[in-house]
Amino acid sequence: MINVAATPFAYTFDPAKTALIVIDMQRDFVEPGGFGETLGNDVSLLAAIVPTVRALLDWCRANGVLVVHTREAHRADLADCPEAKRLRGNPKLRIGDEGPMGRILIDGEPGNDIVAALAPTPGEIVIVKPGKGAFYATSLGEILRLKGITHLLFAGVTTEVCVQTTMREANDRGYECLLIEDATESYFPEFKRAAIEMIRAQGAIVGWTAPMAALRSATVVI
Ligand code: TIU
């Protein structure tokens, strides 16, 4: 068992029963010309966490933690994209429109690739999800159940949208969830701060949070 100095109190997990869920570290959100930028966001903030997410991936790979990546994506025919989502707001380009990295938020397009530094290695699980939460309309829950997973570590973007939604879905399904604070980011720093606070408030009502350094210096307990 591994014991992490987390907030609001220590988080203990068995690596063999734990999965890392890396949420949507895809070019659509992290690089200029993708979905994130079409929504009016400055994407440079998100690129800054790539080295920390890579360090977390390497730690999990070295310590026998199951690695799961997600991508937010829709079918090329948009059959799984609600009109309410496609027509929401006033973006420069809508889901399915042709952008500089291919069609916006469409599975298989260059912009939908996970950024090169965080590319899945052979055998790692990639979940393609049409919603913000990774359990909605995917096989994630079934895969975690079949692998006997009880604990989830979280990283990725954005903290208050897809990461928080997925953590809440996971918490309601009975998983013990730890968010790595410096391996997640938002286009809005104040939203990241608030999401972290609300996740760990009330005695870890949604889950725990800890910086990557706390995982690196975690102690092994019997
Ligand atoms: N816009 C925004 O903050 N996020 C998303 O649309 N998707 C994810 O968080 N992945």
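Above this text you will find the structure in question.
Please read these numbers as outputs of a predicted model, since none were measured by experiment. (Residues numbered from 1 in each chain as written. Predicted model: local features only at pLDDT ≥ 70, side-chain atom pairs only at ≥ 80, totals over all residues. Heavy atoms only, no water.)

### Some remarks on the overall build of the protein chain
- Each helix and strand counted, the protein chain has nine helices and eleven strands in total.
- A globule of 222 residues ought to have a C-alpha radius of gyration of about 17 Å, and the protein chain, at 17 Å, matches this closely.
- The C-alpha extent of the protein chain, read off along each of the three principal axes, is 55 × 35 × 30 Å.
- The buried share among the 222 residues of the protein chain stands at 51%.
- Sequence-distant contacts, at least 24 apart, represent 73% of the contacts inside the protein chain between residues at least 6 apart.
- Summed over its atoms, the accessible surface of the protein chain is roughly 9,600 Å², and 55% of this surface lies on carbon and sulfur atoms. (Helix = DSSP H or I, 4+ residues; strand = E, 2+ residues; numbered from the N terminus. Rg over C-alpha atoms; globule rule 2.2 N^0.38 Å. Buried < 20%, exposed > 50% of the residue type's maximum accessible area, 1.4 Å probe, protein only. Contact = heavy atoms within 4.5 Å. Areas by Shrake-Rupley, 256 points an atom, 1.4 Å probe, with all protein chains shown as cover.)

### Brief notes about the site of the ligand
- Around the ligand, the surrounding shell consists of Asp24, Phe29, Phe35, Leu39, Glu72, Lys132, Val157, Thr158, Val161, Cys162 and Tyr187.
- At 2.9 Å from an oxygen atom of the ligand is found a side-chain nitrogen or oxygen belonging to Thr158.
- Computed on the free molecule, the ligand has an accessible area of 280 Å², of which 92% lies beneath the protein chains in the complex.
- For the shell around the ligand, the per-class residue count stands at seven nonpolar, one polar and three charged. (Near = heavy atom within 4 Å. Polar contact = N/O pair within 3.5 Å; in protein donor to acceptor, adjacent residues only side chain to side chain. Nonpolar A, V, L, I, M, F, W, Y, C, P; charged D, E, K, R; others polar.)

### A closer look at the pattern of salt bridges
- Tallied over the entire structure, the rule returns 14 salt bridges.
- Arg61 is the salt-bridge partner of Glu124, the closest N and O atoms lying 2.7 Å from each other. Taken together, the residues span a long stretch of sequence, with Glu124 in the loop between strand 6 (102-103) and strand 7 (125-129) and Arg61 in helix 4 (residues 50-62) at a distance of 63 residues.
- By relative accessible area, which is 15% here, Glu124 ends up buried. (Salt bridge = Lys/Arg side-chain N within 4 Å of Asp/Glu carboxyl O.)

### Observations regarding the sheet that holds strand 11 (residues 219-220)
- Read across the sheet, three strands follow the order 2-1-11 without closing on themselves; strand pairing throughout is antiparallel. The outermost strands of the open sheet, each flanked by one partner alone, are strand 2 (11-13) and strand 11. (Pairing = 2+ DSSP bridges.)

### Quick word on the packing of helix 7 (residues 159-172) against helix 8 (residues 189-204)
- Two elements in contact, helix 7 and helix 8, have axes whose closest approach is 10 Å; the angle formed by their N-to-C orientations is 15°. In this view, helix 7 runs roughly parallel relative to helix 8, as classed from their interaxial angle. Crossing of helix 7 against helix 8: the hand is right-handed. Mapping the contact onto sequence places Thr159, Glu160, Gln164, Met167 and Arg168 in helix 7 and Phe191, Lys192, Ala195, Met198 and Ile199 in helix 8.
- For the contact of helix 7 with helix 8, the per-class residue count stands at five nonpolar, two polar and three charged. (Axes fitted to C-alpha atoms, helices over the stretch in contact; angles between N-to-C directions. Parallel < 35°, antiparallel > 145°, perpendicular 65-115°, else oblique. Left-handed = near helix turned anticlockwise from the far one by under 90°.)

### Notes on unusual backbone geometry
- Omega for the peptide link from Thr7 to Pro8 comes to 10°, which places this bond in the cis form.
- For Asp24, which is not glycine, the phi torsion reads 55° and is therefore positive.
- On the secondary structure map, Asp24 appears in the loop between strand 3 (18-23) and helix 1 (27-30).
- Of note, Leu78 is a non-glycine position whose phi angle comes to about 60°, a positive value.

### Examining the sheet that holds strand 8 (residues 151-157)
- If you walk across this open sheet you meet the six strands as 7-4-3-8-9-10, and the pairing is parallel. Either end of the sheet is taken by a strand with one partner, and the two such strands are strand 7 and strand 10 (208-210). Within the sheet, the average angular offset between the axes of one strand and its neighbour, ignoring direction, is 25°.
- Pairing geometry for strand 8 and strand 9 (residues 176-185), over six bridges, is parallel. Bridging across to strand 9, Leu153 finds its partner in Leu178.
- Of the strands in this sheet, strand 9 and strand 10 are in contact with helix 8, which crosses strand 9 at around 160°.

On their own, these measurements won't tell you what the molecule is for.
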